Amino acid sequence: HVCFDKTGTLTENTVRLEAVVGSEKMQNGGEGESISKGIDLGESRVVELMACCNGLSLINGKITGDPIDEELFLATDFTFEEKYLENSDGIEKKIYPSLAFRQRHGLGPEVFYTQVKINEFDASRRRVSVAVKASNAPGLSVFVKGTPETLRKLCKNETVPENFDEFLALQSEKGLRVLAMAYRKIDELGPETPDLSADSLEKDLEFLGLLLLANPI
């Protein structure tokens with residue numbers, strides 16, 4: 001297998017992550033001041049989503065995929081490895097959190113996340129979802145990212161900030177590209193193979209916040 005860690009590939013991307021605005025910060029800061037305060041990656045679920053909710057792969061040891069996915073992954077300082085599985089139809093992708101992340105959230109040194117299923121982004125769905133198994137927890141975590149309008153319809157109303165539309169309009173006026181993030185936990189996995197289709201995973205979601213991106217000139 002090949003391991004990849006954070007290198008200088010940020011300069012090769014065509015997008016730049018301006019800010020990560022969690023749902024609470026969004027509710028409290030409708031004027032969007034969070035952008036100037038920089039990126040706060042303290043929220044566990046948000047960082048896990050940025051690291052795991054993508055279709056990235058390794059080609060000759062280099063992380064390869066959608067530029068937005070690359071930018072978000074690199075911002076987390078996670079690493080991942082891919083391993084071809086014998087007697088299987090796929091590639092196992094294990095995603096390892098950085099030491100700082102593990103310490104901040106009290107995770108053991110060997111914790112990692114395995115991407116069990118990905119429902120890829122396409123123009124009609126306008127979102128991507130993954131089911132992820134954490135080595136230190138039962139069940140699965142479902143992470144979804146996509147256009148704010150699309151994800152809002154999939155999230156439980158009580159988790160969406162009241163100033164959602166106002167905040168979104170403000171970011172659009174600034175010329176920023178906005179992606180929404182959402183999550184839910186599947187606690188128990190029975191003996192039967194769970195339904196990991198998009199329709200099954202992408203419902204009753206908890207709104208996590210927004211990713212604000214810029215296209216540098």
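A quick note: this is a predicted structure, and the numbers were derived from the prediction, not measured.

What to know about the overall build of the protein
Across its full length, the protein holds 7 helices and 11 strands. Counted over contacts in the protein with a minimum sequence separation of 6, partners at least 24 positions apart contribute 64%. Total accessible area on the protein is roughly 11200 Å²; 48% of this is exposed by carbon and sulfur atoms.

Observations concerning the confidence of the model for the protein
With 85% of its residues at a pLDDT of 70 or more, the protein shows a mean pLDDT of 83. Segment residues 31–38: pLDDT under 50, and 17 contacts once partners within four positions in sequence are set aside and those in other chains are kept.

Some remarks on the side chain of Ser-129
Mapping Ser-129 onto the fold places it in strand E8 (residues 127–134). For Ser-129, the side chain forms a polar contact with the side chain of Glu-202, separated by 2.7 Å. Excluding anything up to four places from it in sequence, Ser-129 contacts Cys-53, Lys-117, Ile-118, Asn-119, Phe-143, Val-144, Leu-201 and Glu-202.

A word on the environment of Leu-205
Mapped onto the fold, Leu-205 is located in the loop between helix H7 (198–201) and strand E11 (206–214). The class of Leu-205 is buried, set by a relative accessible area of 0%. For the pair formed by Leu-205 and Arg-152, sequence separation is 53 residues and the distance between their alpha carbons is 9.0 Å. If we ignore the near neighbours within four places in the chain, the residues touching Leu-205 are Val-144, Leu-154, Cys-155, Lys-156, Thr-159, Ala-182, Tyr-183 and Arg-184.

A look at the packing of aromatic side chains
Scanning the model with the defined rule gives 6 aromatic pairs in all. Each ring, one from Phe-78 and one from Tyr-113, has its centre 6.4 Å from the other, and the planes form 20°; the classification is stacked. Here the residue Phe-78 occupies a position in the loop between helix H3 (67–76) and strand E5 (79–84), and Tyr-113 occupies one in strand E7 (residues 113–119), the gap between them amounting to 35 residues. As far as burial versus exposure is concerned, Phe-78 and Tyr-113 are alike and both buried.

Observations regarding the nonpolar core
One finds Phe-73, Phe-78, Ile-95, Tyr-113, Phe-143 and Leu-211 to be the most contacted residues of the largest nonpolar core, which totals 32 residues. Counting only elements with at least two residues in this core, the list comes to strand E2 (16–22), helix H2 (44–52), H3, E8, strand E10 (177–186) and E11. At 6 residues, H2 tops the list of elements feeding residues into this core. Non-local contacts of Ile-95, meaning those with residues more than four positions away in its chain, are made with Ala-51, Cys-52, Phe-73, Phe-78, Thr-79, Phe-80, Phe-112 and Tyr-113.

Thresholds, definitions, all that
Residues numbered from 1 in each chain as written. Predicted model: local features only at pLDDT ≥ 70, side-chain atom pairs only at ≥ 80, totals over all residues. Heavy atoms only, no water. Helix = DSSP H or I, 4+ residues; strand = E, 2+ residues; numbered from the N terminus. Contact = heavy atoms within 4.5 Å. Areas by Shrake-Rupley, 256 points an atom, 1.4 Å probe, with all protein chains shown as cover. pLDDT = per-residue confidence, 0-100. Polar contact = N/O pair within 3.5 Å; in protein donor to acceptor, adjacent residues only side chain to side chain. Buried < 20%, exposed > 50% of the residue type's maximum accessible area, 1.4 Å probe, protein only. Phe/Tyr/Trp six-rings, centres within 6.5 Å; stacked < 30°, edge-to-face > 60°. Core = buried A, V, L, I, M, F, W, Y, C linked by side-chain atoms within 4.5 Å.

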